[in-house]
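Geometric and topological summary
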Amino acid sequence: MSDLQIPEPVAGFIDTVNAHDDQGFLDAFTSDGVVDDWGREFQGREAIKAWSDKEFIGATGILTPEEVTVDGNDVIVVGDWRSTHANGRSSFAFIIDGDRLSRMTIREG
């Protein structure tokens, strides 16, 4: 595994995702946080949970980071995503707000 310098809270978030920790996943977002999954937007805890239960944490996904780009509060992690819902190289763009995430945007890696 490469020694990528992924800043917090993103590094901890990836560990939480890979541990399939549903509560930790939801707690990582601000109260009005947004997930943008290939153009489908889910805002707020309930909407994110409904999406995640089916397509993210509930799909027992594992993200193996391969590249990271940091620009202030914007962090982009590109890596290999494997789950029961979707597989392949994906880009996860995060906007950090304090010690939480205000946005996660998923696109092709």
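Before going into details, it helps to say that this report is about the structure given with it. (Residues numbered from 1 in each chain as written. Predicted model: local features only at pLDDT ≥ 70, side-chain atom pairs only at ≥ 80, totals over all residues. Heavy atoms only, no water.)

**Regarding unusual backbone geometry**
Following E8, the chain continues to P9 via a peptide bond in cis, the omega torsion being 5°. Turning to its location among the elements, P9 is positioned in the segment before helix 1 (10-18). The phi angle at H20 is positive, at roughly 60°, despite the residue not being glycine. When you line up the elements, H20 lands in the loop between helix 1 and helix 2 (22-27). With relative accessibility at 32%, the residue H20 sits in the partly exposed group. The backbone of W38 sits at a positive phi, close to 55°, despite the residue not being glycine. Structurally, the position occupied by W38 is in the loop between strand 1 (29-37) and strand 2 (40-43). (Helix = DSSP H or I, 4+ residues; strand = E, 2+ residues; numbered from the N terminus. Buried < 20%, exposed > 50% of the residue type's maximum accessible area, 1.4 Å probe, protein only.)

**Section: the nonpolar core**
Counting residues in hydrophobic clusters, the biggest one holds 26 residues, and the most contacted among them are V10, F13, F25, F56 and M104. Mapped by element, the contributors of at least two residues to this core are helix 1, helix 2, strand 1, helix 3 (45-55), strand 4 (74-82), strand 5 (87-97) and strand 6 (100-108). Looking at this core, the element that brings in the most residues is helix 1, giving five residues. With residues up to four places along the chain from it excluded, the contact list for F25 reads F13, T16, V17, I48, W51, S52, F56, I57 and M104. (Core = buried A, V, L, I, M, F, W, Y, C linked by side-chain atoms within 4.5 Å. Contact = heavy atoms within 4.5 Å.)

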